[in-house]
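# A look at the structure
Listed below are the residues making up each chain.
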Amino acid sequence: MTKIEARTAKGMRDFLPADMLKREYVIGIVEEVFQLYGYEPLQTPILETSETLLGKYGEEAENLIYSAKHGRQRDSKVAMRYDLTVPLARVVAQYENQLTLPFKRYQIAPVFRGENPQRGRFREFYQCDADIVGVANMSADAELVSLVVTVVRRLGFDKFTVKINNRKLLTGMGQYSGVPDDQLADLYRSVDKFDKMGAKGVAAELKERGIADDVIERMLTLLQTKGEGIESLDSVEEVMGNFPIAVEAINELREMAENLKMLNVPSENYQFDFTVVRGLGYYTGPIFETVLDDGSIGSISGGGRYDDLIGIFRKNSLPTTGVSLGIERIITIMDEKNMYPANIGGTVVDVLVTVFNKEMQGASSALAQGLRNAGIRAELYMTDSRLKLGKQFNYADKKGIPIVAVMGPDEAEKSIVRLKQLSTGEEITLAQSDAAAKIREMLN
RNA sequence: GUGGAUGUAGCUCAAUGGCAGAGCACCUGAUUGUGGUUCAGGCGGUUGAGGGUUCAAGUCCCUUCAUCCACCCCA
């Protein structure tokens, strides 16, 4: 029989135990902070009806949506979720009578995109979303920024910035500069590359798209408006005070700034940056994304307001804003910089209980069960070959199990046990009834 | 979708067109109540796949597949 090559599909990954322990550490912090801010868990299916997913993300993104069908189906009527935001909109519309507004939910789950994988980018990846449905004012948007800052700080990052902009402001700038309405999308796409290409690169690309030189110049000057805190907002308002949509945008950002202050968000962790665009089509108001100051990877979180999305599933829309943490990128960086506590990774086992010989298996099993009942994560040694203590120690050492409990005839007879801490080689003998307490002490 | 790089043992990699190798890992023993070190031995291959050139191909040529990196886009 020919063997099937063991491999994962393109862009898909397995997480072995050592990786999973790190992921669970990161996800645990994210979830803890989400709950600290009062967000509730939600789970939705991986498969949604195609109708639910299509037409929400823009043409380019739509090409990356996986469809799914079973063997007896000719056409695919369902597709794999592309993010967690559209499913949320669906849920809100579907269960509105069971939900109390404002609805604050979080969801940590895999999503699927048929992109070409590269560093920190995969076809299946986890998103960690927190969203607020039913609040139109900026206290919601500011809370999300505060939430992101708290998560990222707790994970051990200190040099990072949440860049904040407003879709309405971009539209206003386009109108002021004289960009035709039908070219606004092109404009956004080019401006989005500001980080990589700089002002000159963006200018060149806009020119290529057929936008006039003087328009480009006005636009780029506005985009690059800089200033401490809300100063940049003042400067932009001076120029665009006559454009209602720009004024609306600026007022929203001012309101956000006030709220961020009330929430004590460290000022070095956020700034207004008018070059932030964000790709997804559904954003309508403030938008934000988080970048590490050393620029080592793309954004590690993104979000913004999408007041119209729920309206696709329901007669009246609901004001909604949300944020998504890019946990895969965060983990990529944390792996590279080894930002995990020392006790993360390796194994979950606290103690290995040895088995001296076949006759002694009962005594060892009883000890292991006793430890488990006391809350100690105990592994009972198992093998198909000859039982040898040396091999059992070797096994514990290789797996990174910190403590070995030696249980032999002498110990069984006297109801004692020998505990050995592998890191120090230190060994003590004590009553079996005291073992759990002692192990707990040795683990600290 | 576009461009570049790379595919040899489980992993990391060698091998002028001339016998497919090393290190690590794994298993066994030295060592029948104690791990990391050491020593001895063992397991392990359709050189990604298919075709071509040649007395001879891991090596050269063609095709194809896969992976990685970058672009596009995005978390």
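## Here we look at the overall build of chain A
Summing up its helical and strand segments, chain A has 16 helices and 16 strands in all. In terms of overall dimensions, chain A is more spread out than a globule: its C-alpha atoms have a radius of gyration of 28 Å, far above the 22 Å expected for 444 residues. The principal-axis extent of the C-alpha atoms belonging to chain A is close to 90 × 55 × 45 Å. Looking at the 444 residues of chain A, the share that counts as buried comes to 47%. Looking at chain A, you have 54 positive and 63 negative side-chain charges, and the mean spots of the two groups are 7 Å apart.

## Notes on helix α13 (residues 361-373)
With 13 residues, α13 extends 18 Å from end C-alpha to end C-alpha; this agrees with the ideal 18 Å at 1.5 Å per step. Those residues of α13 that sit buried are S364, L367, A368 and L371. The buried side chains of α13 occupy one side of the element, clustering within an arc of 95 degrees when seen end-on. Where the residues of α13 are buried, they touch β12 (351-353), β13 (378-380), β14 (403-406), β15 (416-421) and α16 (435-443). Once α13 ends, the next one or two residues include G375, with phi positive near 90 degrees.

## Quick notes on helix α14 (residues 389-399)
Of all the positions in α14, only Q392, F393 and A396 are classed as buried. One side of α14 holds all its buried residues, which, seen down the axis, span an arc of 100 degrees. Residues G390, D397 and K398 are exposed on α14 and point more than 90 degrees away from its buried face. In this fold, the buried residues of α14 make contact with β12, β14 and β15. Just past α14, the residue G400 takes up positive phi, approximately 85 degrees.

## Quick word on the side chain of T161
One can find T161 in strand β7 (residues 160-166). Apart from the residues within four sequence positions on either side, T161 is in contact with E268, N269, Y270, Q271, E289, T290, V291 and D293.

## Observations regarding a positive patch on the surface
On the surface, a cluster of positive charge is contributed by R386, K388, K391 and K398. The topology assignment puts K388 in the loop between β13 and α14. Residue classification places K388 among the partly exposed positions, given a relative accessible area of 41%.

## Quick look at the packing of helix α6 (residues 167-177) against helix α11 (residues 244-262)
Following both chains from N to C, one finds α6 and α11 inclined at 150 degrees, their axes separated by 8 Å at the closest point. Of the two elements, α6 crosses α11, and the hand of that crossing is left-handed. Note on element contacts: α11 touches α6 through I245, A246, E248, A249, I250, E252 and L253, opposite K168, L169, T171, G172 and Q175. Residue composition of the contact of α6 with α11, grouped by class: six nonpolar, three polar and three charged.

## A look at the sheet that holds β13
Where strands meet in a sheet, backbone hydrogen bonds hold them as pairs that are either parallel or antiparallel. One open sheet holds the five strands; their spatial order is β13-β12-β14-β15-β16, and the pairing between them is mixed. The strands lining the two open edges of the sheet, one partner per strand, are β13 and β16 (427-431). Across the sheet, the mean angle separating the axes of adjacent strands is 25 degrees when strand polarity is ignored. Relative to the sheet, α14 contacts β12, β13, β14 and β15, its axis offset from that of β14 by approximately 160 degrees. Contacting β12, β14, β15 and β16, α16 crosses the sheet at an angle of about 10 degrees to β15.

## So, the environment of E217
Tracing the backbone through its elements, the reader meets E217 in helix α9 (residues 213-223). Judged by its relative accessible area of 58%, E217 is exposed. Linking E217 and S177, residues 40 residues apart in sequence, is a C-alpha distance of 8.3 Å.

## Some remarks on the pattern of salt bridges
Between side chains of opposite charge, a pair can form when the charged atoms approach closely. Tallied over the full model, the rule gives 21 salt bridges. Salt-bridge contacts for R305 lead to D141; the nearest nitrogen and oxygen are separated by 2.7 Å. Note that R305 is positioned in strand β10 (residues 301-305) and D141 in helix α5 (residues 139-154), a separation of 164 residues in sequence. Taking relative accessible area as the criterion, R305 reaches 2% and is therefore assigned buried.

## Notes on the side chain of T290
Relative to the assigned elements, T290 resides in strand β9 (residues 286-292). Within the structure, T290 has its side chain in polar contact with the side chain of S301 (distance 2.7 Å). When neighbours within four sequence positions are excluded, T290 is seen to be in contact with V148, F160, T161, V162, S299, I300 and S301.

## Digging into the sheet that holds strand β3 (residues 67-68)
Pairing is antiparallel across the open sheet formed by three strands, whose spatial order is β2-β4-β3. Both edges of this open sheet fall to β2 (47-49) and β3, since each of them pairs with a single strand only. Where β3 lies against strand β4 (residues 78-80), two bridges are found, and the strand directions are antiparallel. Across the sheet, A68 pairs through a bridge with V78, a residue of β4.

Quick notes on the rules
- Residues numbered from 1 in each chain as written.
- Chains lettered and ligands numbered in written order.
- Predicted model: local features only at pLDDT ≥ 70, side-chain atom pairs only at ≥ 80, totals over all residues.
- Heavy atoms only, no water.
- Helix = DSSP H or I, 4+ residues; strand = E, 2+ residues; numbered from the N terminus.
- Rg over C-alpha atoms; globule rule 2.2 N^0.38 Å.
- Buried < 20%, exposed > 50% of the residue type's maximum accessible area, 1.4 Å probe, protein only.
- Lys, Arg positive; Asp, Glu negative; His and termini not counted.
- Charge placed at Lys NZ, Arg CZ, Asp CG, Glu CD.
- Expected span 1.5 Å × (residues − 1).
- Arc of directions from axis to C-beta.
- Contact = heavy atoms within 4.5 Å.
- Patch = residues over 30% accessible without salt bridge, like charges linked within 9 Å, V, L, I, M, F, W, Y side chains within 5 Å.
- Areas by Shrake-Rupley, 256 points an atom, 1.4 Å probe, with all protein chains shown as cover.
- Salt bridge = Lys/Arg side-chain N within 4 Å of Asp/Glu carboxyl O.
- Axes fitted to C-alpha atoms, helices over the stretch in contact; angles between N-to-C directions.
- Left-handed = near helix turned anticlockwise from the far one by under 90°.
- Nonpolar A, V, L, I, M, F, W, Y, C, P; charged D, E, K, R; others polar.
- Pairing = 2+ DSSP bridges.
- Polar contact = N/O pair within 3.5 Å; in protein donor to acceptor, adjacent residues only side chain to side chain.

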